[in-house]
Amino acid sequence: MFGKRAAPQGASFNEPKPQRVSKARDQATPFLRAFQQQADAYVERARRHLASGDPAGASYWAGHARRAVTNRDRIEEALQ
């Protein structure tokens, strides 16, 4: 009653099903777009701070941009 159930025939736990991958890719698209927009906005803020002579502020916003790009890259890597 509490034992492990047998895997269905043809099931592979190493390779995701193609329809699930495409569905995940479709669902992730808005997130990827949002992370790219965030990164662009953060880079623009960093440039403004650097141009105004505020290297600490530029570094702060550049760090946020790196985080947004890293998040986007992690999602893209997971979808490969």
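Below, the structure is looked at part by part. (Residues numbered from 1 in each chain as written. Predicted model: local features only at pLDDT ≥ 70, side-chain atom pairs only at ≥ 80, totals over all residues. Heavy atoms only, no water.)

## Overview of the environment of aspartate 54
Here aspartate 54 lies in the loop between helix 1 (18–51) and helix 2 (55–78). Exposure remark for aspartate 54: the relative accessible area of 30% places this residue in the partly exposed category. (Helix = DSSP H or I, 4+ residues; strand = E, 2+ residues; numbered from the N terminus. Buried < 20%, exposed > 50% of the residue type's maximum accessible area, 1.4 Å probe, protein only.)

## A word on the packing of aromatic side chains
In the structure shown here, the tally under the stated rule is two aromatic pairs. Relative to tryptophan 61, the ring of tyrosine 42 lies with its centre 5.5 Å away and its plane at 25°, an arrangement referred to as stacked. Highlighted residues: tyrosine 42 in helix 1 and tryptophan 61 in helix 2, separated in sequence by 19 residues. The class of tryptophan 61 is buried, set by a relative accessible area of 18%. Seen from their ring centres, tyrosine 60 and tryptophan 61 are 5.0 Å apart, and the 85° between their planes marks the pair as edge-to-face. The ring of tryptophan 61 carries arginine 45 above its face, with NZ or CZ at 4.6 Å from the centroid. (Phe/Tyr/Trp six-rings, centres within 6.5 Å; stacked < 30°, edge-to-face > 60°. Lys NZ or Arg CZ within 6 Å of the ring centre and 35° of its normal.)

## Section: the pattern of salt bridges
For the structure shown, the criterion picks out one salt bridge. The salt bridge partner of arginine 72 is aspartate 73, with a shortest N-O separation of 3.1 Å. Using a relative accessible area of 34% as the deciding quantity, one classes aspartate 73 as partly exposed. (Salt bridge = Lys/Arg side-chain N within 4 Å of Asp/Glu carboxyl O.)

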